Each structure stands twice: as structure tokens, then as C-alpha cells.
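A structural walkthrough
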Amino acid sequence: MQNSSDISVKFENVHLSFDDFVLFQELNFTIKKKEFVSIVGPSGCGKTSILNLIAGYLAPSEGAVTVNGNIRTVFQNSSLFPWLSVRENILIGKNKTKGNTEVYKYLLHKLKLEPFENFYPNQLSGGMRQKVELMRILVGETDIILLDEPFSALDYINRITIRNDFVNAMKELDKTIILITHDIDEAIEMSQRICVLNKKPTTIIDDIGLNKSYSGEAGQQQLHDLKYSIISKLTT
Amino acid sequence: MKVILFFKLLFYRSALFGILISVWWIISYMKVFPEYAFPSPNNIWLSFVKLVNSFRFYSDIMYSLYRILFGFLVTIFTAIPLGVLIGLYLRSSKSLITVFNFFRFISPLAWIPFAILWFQIGDKPAIFIIIMASFFPLIISVIAAVRNIPESFFRVAKEYQFSKRDMFMKLILPAINRELITSLRICFGISWVVIIAAEMVGSQDGLGYAIWDARNGLKLDVAVCYIITIGVLGILLDNIFQYCLTKTRGNVYAK
């Protein structure tokens, strides 16, 4: 039996339907504290609905969603306030404390955003906006981070670099992270565990734990096999 | 570059007004209308000089400005908070909007008889008419603007635990400020038009009454002077709103 204080998010027999359309039937899963979980699945399978259930913007029709800790979300499209500068956007609401200002300066340097501190969102590139958004999450006090395809609107190079920046920054802060993505490479590269969803009514068809020791040629082969096994599950 | 642009603009504007005055002068010179009904530019100039040296001219302007400012402030401090509250909390308020629309489509001038009955002659009926003219268009546009704020912004506010004050000052007000200033500008235009008519019947002073008074005394040259004053003041006041627009960094939503 798991200790309940180790659990960050728990779905118990969650049903979710919109009028006649049944999206989830008997959805069960548990996410432990400080775990990095990716949720992959075909589009329309309800990935974002899972995040909305966790964040409390949707209530399950039946069953229960238990969440321990406060939540912050990074969206697919920028949710930075256009009328605030980078600095003001990051030190927003509860983020604005003395201690956080130190963290802010440190991260600003680390993410190479120093020259853009006083810029406004519309003066930044898409990649930089997403960086600022990630930084806003990292500065504050939060237990659970929800990532709703945060890298999907970026070009290839930006995606790789920002992903790396994020993973590096995450190593220092132990937080529960739930990543929604349709990019299997991204899921394999970033997370410790992958939940694969199928379509209508959505359930978890596979739950893969990743140990991060895929080194050498054998390791590469293993990753390659893993990727194609996920793809084949998603396409059938 | 800026200086050249300034003189270019000045040239075009003066040329345009020059043409207008010439047409006016020609019509009056040809005596299409009798002199008392269509004063010539020189006559207007002479009475204008007389007017700007009289105390009454300034007191009329001040009366009109005071009424419009008072009415407008009442509208601002009622329509904006009310519109924000409705926009935020009443997600389906179609019937309420219909009521506001009903009043919006009634010409504010239709209230003049009631305004005089309720508030007698003086400042109050004019102020009442200003409120009736500006409240309904403003509240409708505030409701619409609040509903246009992207949902994700409210999620950010919730996740970062905004205080009620931050919610209003840092999210809602800046998110709607450009739309707000534009509708204030439009409402002010309506009010400026309406106050003249309101003062013609409901007051003993102000720019509207001055025109009416000049007409009664068959001093149409004075009436024209007041008409020009109204137009010039309207442009100047509108420029204040335009200036505010250039100074706001509104919701240039990041794509």
C-alpha cells in the first residue's frame, strides 16, 4: 500500500461525459510526488480534459480526482499578459515575494533572458515567450506543474533548446510534472513515466516506466523499439 | 522629418479650411440667403472678437463643460464597475443586455420633457440627459470587452492567487483599456452633441442655451460663433482621448 502523502494526483474510476458523448470511462491512475509523467495519445482523446480535471476546471461526472498541492499550468499558447513586461509577468500575484526575486535573478541569468527583462511579450519571439512562461512557473511556490503541449508551437531548434533548459532547471527543483504531448520523442526524452491513451472511451492502454540509463548502442536500440511500440499502439 | 510632416499637415488643414471659408464667403457675397440668415465671414469675425472679450462666453463654456464632466464621471463610476461585474459573473445575461439595448436606442433627447419635470431648469436635467446618453453604450461595450478577455488569463490569475485588487487593476482594467477608451471617446461624442440640445430647452446658460438665445435675438452671427466654438472644443476634447489611446499598451494579444 502506498502512503497517501506520497501521492500527488489520483484518479479513481473517473467518468467524464459531455451530454451523450462519453470521454472517459473508468479512468484510474496515480501520480506520485516528484514524478515526471507524460501523457501521450491521439488528438481528441481528452488529454487536455485530464489537465482540466486535475486543475479543477472540469468536474468528473462520476468518480473522484484527488490532488495534493497547488497547481500551475503552462499553456500551448502564451498566456503572458501583453501589458506587462517580462519581469512583471514573471513576478505576478503570489510570485512577488522577496525570496522569489533572488530565484528570479538566478533563473533569468540561467535562461539567458537578462537582456529582455523589460521587453513586452509582443517584442519577443515565440520561443522566448514560452521560456518566460516556463520561468514564471519555476519561480513560484508550486507543487504540481501541468504542461499542456508547451513546446508544440515552437520550431524544431527552439523546441530542443527550450526543452533542455527546462529539464536542466527541473533537476534542481523537485516537483511533480505532468506533460501532455503528442510528440513521443519529447515524452521519452523528458519524463520518467509515459501513460499512453487510446480513443473513445479513453482509457490508459499502457503505462511505461523509463529508467534513464539507455546508453550505448543497445540503449539507443531500446529507445527506438520503445518509440515504435508506442506508435503502433497509438495507430491501431 | 517630423517638422516637415507637421508643416505638411498644417498646410493641408489650413487649405481645407481656406476652401470652406471661401465657399462660405462666395455664397454670402452672392446673397443666396438674406444677410441676417447667412452672416458673412467678416461679420462673424467681428462678432467673434466681441464675444471672446465678454465674460458670458467663458461662463457658457464652463457651464457646458461642468455638466458634461459631472454626467460623464457619474457614468464612468457606475457603468464600468457594473459592466465588469456583469461581464465576469453573469455568463448568460441576454435579457439584461436587451434592457440596456432598449435604453440605448432611445434618443437621449426623448428624456428632455421628463428631465425638466423631474429636475426643473438648471444643471440637473442636462446632467441627467448626459448620463442617459452615455451610460448604456458604455456598459454594453464594457460587458463585451470583459467577455473578450482570454480564459487563460483568468486561469493565470487563479493559479497565481491574485488578490481582488490585482484582479481588477492588473488584469481586467489593462485588458479592456483600449476598448474602454474608444467607447469613452464615442460616448463623449454623443454627450457633446446631446448637451447642446439639452441646454437649449432645459437651462438658462451653457453653449446650447447661448445658441438658442442668439437665435431668439436674431443674432445669428453670434450663433455661428458658438457653433464654431462647439466644433473646436469637441476636437480638442477628442484629442485627449486619442492621446490616452497612444499612451496605453492594451491587449495586443500575443499570438
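None of these values were measured; they are calculated from a predicted model.

Another point: the confidence of the model for chain B. Looking at chain B as a whole, its pLDDT mean stands at 87, while 96% of the residues score no less than 70. Overall fold confidence for the complex sits at a pTM of 0.78, while the interface term, ipTM, reaches 0.80.

Here we come to the state of the cysteines. For the structure shown, the criterion picks out 0 disulfides over all chains. Left unpaired, C187 of chain B is separated from the closest cysteine sulfur, that of C244 of chain B, by 15 Å.

Moving on, we get to the pairing of strand β3 (residues 36-40) of chain A. All names here are of chain A. Burial analysis of β3 places 5 of its 5 residues in the buried class, which makes it a mostly covered element. What you see with β3 is no split at all: F36, S38 and V40 on one side and V37 and I39 on the other are buried throughout. Inspection of the sheet shows β3 paired to strand β7 (residues 176-181) by 5 bridges, in the parallel sense. Residue pairing across strands places V37 opposite I178, the latter belonging to β7. Sheet topology places β3 next to strand β8 (residues 193-197); 4 bridges connect them, and they run parallel.

It is worth spelling out the packing of aromatic side chains at this point. Counted according to the given criterion, the structure contains 29 aromatic pairs over all chains. Centre to centre, the rings of F57 of chain B and Y58 of chain B are 5.2 Å apart; their planes meet at 80°, and the pair counts as edge-to-face. We classify F57 of chain B as buried; its relative accessible area is 5%. Members of the aromatic cluster, each reached through a chain of ring pairs, are F100, F102, F103, W111, F114, W118, F119, F128, F135 and F136 of chain B. When the ring centre of Y57 of chain A is taken as origin, the NZ or CZ atom of K158 of chain B, which lies over that ring, is 4.7 Å away.

Next up on the list: the pairing of β7 of chain A. Residue and element names in this part refer to chain A. Burial runs high along β7: 6 of the 6 residues are buried. With burial as the criterion, each face of β7 is covered, one bearing T176, I178 and I180 and the other bearing I177, L179 and T181. Sheet topology places strand β6 (residues 144-148) next to β7; 5 bridges connect them, and they run parallel. Counted as the bridge partner of L146 is I178 from β7. In the classification by handedness, the crossover that spans β6, the intervening helix α5 (residues 156-172) and the parallel β7 is right-handed.

On to the sheet that holds β7 of chain A. All names here are of chain A. Across the sheet, 6 strands lie side by side as β5-β6-β7-β3-β8-β9; this open sheet has mixed pairing. In this open sheet, the two strands that pair with only one neighbour each are β5 (71-74) and β9 (204-209). When the angles between neighbouring strand axes are averaged without regard to direction, this sheet yields 15°. Running over the sheet, helix α1 (residues 47-55) touches β3, β5, β6, β7 and β8 and is turned about 155° from β6.

So, about the nonpolar core. F81 and M135 of chain A together with L171 and I172 of chain B are the most contacted members of the largest nonpolar core, which has 98 residues in total. Formed by 24 residues, the second largest nonpolar core is a distinct cluster that contains F24, C45, L51 and L146 of chain A.

What follows is about the packing of helix α3 (residues 55-89) of chain B against helix α10 (residues 220-247) of chain B. All names here are of chain B. One way to put it is that α3 packs onto α10 with a least axis distance of 12 Å and a crossing angle of 40°. Here α3 lies oblique to α10, going by the angle between them. You can see that α3 and α10 cross each other, and the crossing is right-handed. For the pair α3 and α10, the contacting residues are R56, F57, D60, I61, L65 and F72 in the first and Y226, T229, L233, L237 and F241 in the second.

Position of T73 of chain A relative to the elements: it lies in strand β5. Judged by its relative accessible area of 3%, T73 of chain A falls in the buried class. Separated by 2.5 Å, the side chains of T73 of chain A and E159 of chain B make a polar contact. Contact partners of T73 of chain A, with chain neighbours within four places excluded, come to I137 and L146 of chain A together with R155 and E159 of chain B.

Here the focus is the pattern of salt bridges. Pairs can form between side chains of opposite charge once their charged atoms are near each other. Taken as a whole and assessed by the stated rule, the structure comprises 16 salt bridges over all chains. The salt bridge involving R163 of chain A is made with D183 of chain A; its shortest N-O contact spans 3.7 Å. Here R163 of chain A, found in helix α5, pairs with D183 of chain A, found in the loop between β7 and α6 (184-190); they are 20 residues apart in sequence, far enough to count as distant. The burial state of R163 of chain A is the same as that of D183 of chain A; both residues are buried. Two residues, R185 of chain B and D238 of chain B, come together in a salt bridge whose shortest N-O distance is 2.9 Å. With R185 of chain B in helix α8 (residues 164-202) and D238 of chain B in helix α10, the pair connects residues that are 53 residues apart, well separated along the chain. Classification of R185 of chain B as partly exposed rests on a relative accessible area of 27%.

Calculation criteria
Residues numbered from 1 in each chain as written. Chains lettered and ligands numbered in written order. Predicted model: local features only at pLDDT ≥ 70, side-chain atom pairs only at ≥ 80, totals over all residues. Heavy atoms only, no water. pLDDT = per-residue confidence, 0-100. Disulfide = S-S within 2.5 Å. Buried < 20%, exposed > 50% of the residue type's maximum accessible area, 1.4 Å probe, protein only. Helix = DSSP H or I, 4+ residues; strand = E, 2+ residues; numbered from the N terminus. Pairing = 2+ DSSP bridges. Phe/Tyr/Trp six-rings, centres within 6.5 Å; stacked < 30°, edge-to-face > 60°. Lys NZ or Arg CZ within 6 Å of the ring centre and 35° of its normal. Right-handed = clockwise from strand over helix to strand, strands pointing away. Axes fitted to C-alpha atoms, helices over the stretch in contact; angles between N-to-C directions. Contact = heavy atoms within 4.5 Å. Core = buried A, V, L, I, M, F, W, Y, C linked by side-chain atoms within 4.5 Å. Parallel < 35°, antiparallel > 145°, perpendicular 65-115°, else oblique. Left-handed = near helix turned anticlockwise from the far one by under 90°. Polar contact = N/O pair within 3.5 Å; in protein donor to acceptor, adjacent residues only side chain to side chain. Salt bridge = Lys/Arg side-chain N within 4 Å of Asp/Glu carboxyl O.

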